[in-house]
Amino acid sequence: MAGPEATYCARHPRVESRLGCSRCGTLICPRCLVQSDVGARCPDCARVTRLPTFQLDGLTITKAVITAVVIAGSTGAAWGLLFFRVFSIPYLPWLVLLGIGFLTGEAISVSTNRKRGRLLQYIAAAGVVASYAVASVLAASTLDPLVVRFLAPGLFTLLAIGVGAYIAASRVG
């Protein structure tokens, strides 16, 4: 009595397998197996694709970068020109960074039709940092001692920038 004949995976010819795709019958091994609601399938029949929300093309990335630059420039300019007034209220400069983070993240989310992705998170976080940089450059021209103290970021300023960047990234992530 002869044993069963050895069969091999269609994608990995050195891997022995007796498992077939539930749709087309192609032999598959555990490495190329895709478990679906109707059984084990080969990668071709499973048609594994990313959700449209996470598919980023060049136009979407361009929209995100342009939005980040516009928001960073406008919020940074407004914040930088009002720097000397902002310092009269305690902790307001740090709260402004949190608001800028929310505004940047939401603007990028809306401009990209609510797309999500790690690259969009990086763009949003960079927008918050750029907004602080624009504000710092504009505020440096006033040479107010309180403003100059804030331009050399301390622990709380760095923390506020980080939290603002996190808020922006969480809006698109």
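Refer to the structure presented above.
The structure presented is a predicted model; accordingly, all values stated were derived computationally and were not measured.

What counts and what doesn't
Counting of residues starts from 1 at the beginning of each chain's written sequence and follows it residue by residue. Side-chain atom pairs in this predicted model are given and counted only at pLDDT of 80 or more, local residue features only at pLDDT of at least 70, and totals for whole chains, interfaces and linings cover all residues. To obtain the side-chain values, all non-hydrogen atoms of the structure were included, while hydrogens and water were left out. Comment: elements are numbered from the N terminus, with helices defined as DSSP H or I runs of at least four residues and strands as E runs of at least two. Relative accessibility decides the category of a residue: with a 1.4 Å probe and only protein chains considered, values under 20% of the type maximum give buried, values over 50% give exposed, and everything between is partly exposed. The criterion used for residue contact is that any of the two residues' heavy atoms lie within 4.5 Å. Here the Shrake-Rupley method, with its probe set to 1.4 Å, supplies the accessible areas, and only the displayed protein chains count as covering residues. Side-chain atoms alone can form a polar contact between residues adjacent in sequence; in general such a contact is a pair of N or O atoms within 3.5 Å, and within protein one must be able to donate a hydrogen while the other accepts it. Each axis is a line fitted through C-alpha atoms, taken for helices only over the stretch in contact, and angles between the N-to-C directions span 0 to 180 degrees. Each angle receives one of four descriptions, namely roughly parallel if under 35 degrees, roughly antiparallel if over 145, roughly perpendicular if within 65 to 115, and oblique otherwise. In this scheme the crossing of two helices becomes right-handed for a clockwise turn of the near helix relative to the far one and left-handed for an anticlockwise turn of less than a right angle. Any residue that is not Ala, Val, Leu, Ile, Met, Phe, Trp, Tyr, Cys, Pro, Asp, Glu, Lys or Arg is counted as polar, Gly included; the first ten are nonpolar and the last four charged. Aromatic rings from Phe, Tyr and Trp, with only the six-membered ring used for Trp, were paired whenever their centres fell within 6.5 Å, and each pair was classed as stacked if the ring planes differed by under 30 degrees, edge-to-face if by over 60, and tilted otherwise. The span you would expect from a helix comes to 1.5 Å times its residue count less one. Throughout, nonpolar core names a set of buried Ala, Val, Leu, Ile, Met, Phe, Trp, Tyr and Cys residues whose side chains join them through atoms within 4.5 Å.

## A word on the overall build of the protein chain
So, step 1. Counting secondary structure elements, the protein chain contains 7 helices and 4 strands.
So, step 2. The order of helices and strands in the protein chain, counted from the N terminus, is β-β-β-β-α-α-α-α-α-α-α.
So, step 3. Every one of the 173 residues in the protein chain was classed for burial, and the buried ones make up 34%.
So, step 4. For the protein chain, the share of sequence-separated contacts (at least 6 apart) that also reach a separation of at least 24 residues comes to 57%.
So, step 5. As displayed, the protein chain offers around 10,500 Å² of accessible surface, 65% of which is attributable to carbon and sulfur atoms.

## Quick look at the environment of S22
So, step 1. Its place among the elements puts S22 in the loop between β1 (19-20) and β2 (27-28).
So, step 2. Given the relative accessible area of 42%, S22 is considered partly exposed.
So, step 3. Sequence separation between S22 and C45 is 23 residues; the distance between their C-alpha atoms is 9.0 Å.
So, step 4. With sequence-adjacent residues up to four places away left out, S22 is seen in contact with V38, G39, A40 and R41.
So, step 5. Side-chain polar atoms of S22 contact the side chain of R41, separated by 3.3 Å.

## Some remarks on the packing of helix α4 (residues 92-111) against helix α7 (residues 155-171)
Two measures define how a pair of helices packs: the angle their axes make with one another and the distance between the axes.
So, step 1. Where α4 meets α7, the axes come as close as 7 Å, and the angle between the chain directions of the two elements is 20 degrees. With respect to each other, α4 and α7 are oriented roughly parallel. By crossing handedness, the relation of α4 to α7 is classed as right-handed. Note on element contacts: α7 touches α4 through F156, T157, A160, I161, V163, G164, I167, A168 and R171, opposite W94, L97, L98, G101, F102, T104, G105, E106 and S109.
So, step 2. In the contact of α4 with α7, the residues fall into 10 nonpolar, 6 polar and 2 charged.

## Some points on the packing of aromatic side chains
One pair of aromatic rings is described through two measures. These are the centre distance and the angle between the planes.
So, step 1. A full pass over the atoms with the stated rule returns 1 aromatic pair.
So, step 2. Centre to centre, the rings of W79 and Y132 are 6.1 Å apart; their planes meet at 55 degrees, and the pair counts as tilted. Of this pair, W79 sits in helix α2 (residues 58-81) while Y132 is found in helix α5 (residues 118-140), placing the two residues 53 residues apart along the sequence. Y132 shares its class with W79; the two are buried.

## Description of α7
So, step 1. Taking 1.5 Å of rise per residue, the 17 residues of α7 would be expected to cover 24 Å, and the 24 Å separating its terminal C-alpha atoms lies within 8% of that figure.
So, step 2. All buried positions along α7 are accounted for by T157, A160, I161, G164, A165, A168 and A169.

## Digging into the packing of α2 against α5
So, step 1. One can describe the packing of α2 onto α5 by two numbers: an axis separation of 7 Å at closest approach and a directional angle of 25 degrees. Taken together, the axes of α2 and α5 are roughly parallel relative to one another. In this structure, α2 crosses over α5, and the sense of that crossing is right-handed. Residues I61, A64, V65, A68, A72, G73, T75, G76, A77, W79, G80 and L81 of α2 lie in contact with α5, whose contacting residues are L119, L120, I123, G127, A130, S131, Y132, V134, A135, L138 and A139.
So, step 2. A breakdown of the residues in the contact of α2 with α5 according to their chemical character gives 17 nonpolar, 6 polar and no charged.

## Focus on the nonpolar core
So, step 1. Formed by 16 residues in total, the largest nonpolar core has its most connected members in W79, L97, I108 and I123.
So, step 2. Residue contributions to this core peak at 6 residues, all from α5.
So, step 3. Every residue in contact with L97, bar those within four places of it in the chain, is listed here: W79, V128, Y132, T157, A160, I161 and G164.
So, step 4. C21, C32, A40 and C45 belong to the second-largest nonpolar core, a separate cluster that totals 8 residues.

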